[in-house]
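Fold and contact review
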Amino acid sequence: MTQYDPDQTPPTERIVVSEPVYTETVVVTRESNTGWWIAGGLAAVVLIAVFWMLSNGGRDEQTEAQLAQAQADALTAQAQADQTVLQSQIAGAQQSVEIARAEATRAQADAIRAAAEARSDMARASQPVIIQAPAPQPAPSPDVATVTTTSPQP
């Protein structure tokens, strides 16, 4: 016995194939020139400001005098700074010379001491060498009996 009825038509499967749907949205906007108008206005303002500054000369006599005084002060400060740097370099060089002199004096003292040691070593080497050896022990005479712990006892 089967679970299917032979009189009934077999069930059919439906296969549905669907393709993806692509949608496209097109937005139409009107072109605006507002940004260009703002940029042009700013450029005009800048040009007017530049022409105004050029027509006024930008400075007056008092401003020029103050500028000249500030430049003179800056040059004086630079000269003082340069002089301070030179003085510190001279002091450093003098200190280096003093250190070199001290090292030369120490090297000269070491050379004198080494020469003196060499002379004393040469003087010691020129003296005759006397080697003192201990006197040999007299040979035992046959008349004297020697007793040791291993000798046979009479």
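None of these values were measured; they are calculated from a predicted model.

**Some words on the overall build of the chain**
When you go through the chain residue by residue, the secondary structure sums to 2 helices and 0 strands. In the chain, which comprises 154 residues, the share counted as buried stands at 0%. A total accessible area of about 15700 Å² is found for the chain, and carbon and sulfur atoms account for 60% of it.

**Considering a nonpolar patch on the surface**
A surface patch of nonpolar side chains, amounting to about 520 Å² of accessible area, comprises Val46, Leu47, Val50, Phe51 and Leu54. You can see Leu54 is positioned in helix α1 (residues 34–56).

**Observations regarding α1**
Over its 23 residues, α1 extends 34 Å from the first C-alpha to the last, a length consistent with the 33 Å expected when each residue adds 1.5 Å. Counting buried positions over the 23 residues of α1 gives 0, only a small fraction of the element.

**Things to note about the pattern of salt bridges**
When their charged atoms lie close together, side chains carrying opposite charge are able to pair. Applying the stated criterion to the full structure yields 2 salt bridges. A salt bridge links Asp110 to Arg113; the shortest N-O distance between them is 2.4 Å. Of this pair, Asp110 and Arg113 both sit in helix α2 (residues 61–126), separated by 3 residues, roughly a single helical turn. The class of Asp110 is partly exposed, set by a relative accessible area of 38%. A salt bridge links Asp121 to Arg124; the shortest N-O distance between them is 3.0 Å. In this pair, Asp121 and Arg124 both sit in helix α2, 3 residues apart, roughly one turn of the helix. A relative accessible area of 55% means that Arg124 is categorised as exposed.

Reading the values: the criteria
- Residues numbered from 1 in each chain as written.
- Predicted model: local features only at pLDDT ≥ 70, side-chain atom pairs only at ≥ 80, totals over all residues.
- Heavy atoms only, no water.
- Helix = DSSP H or I, 4+ residues; strand = E, 2+ residues; numbered from the N terminus.
- Buried < 20%, exposed > 50% of the residue type's maximum accessible area, 1.4 Å probe, protein only.
- Areas by Shrake-Rupley, 256 points an atom, 1.4 Å probe, with all protein chains shown as cover.
- Patch = residues over 30% accessible without salt bridge, like charges linked within 9 Å, V, L, I, M, F, W, Y side chains within 5 Å.
- Salt bridge = Lys/Arg side-chain N within 4 Å of Asp/Glu carboxyl O.
- Expected span 1.5 Å × (residues − 1).

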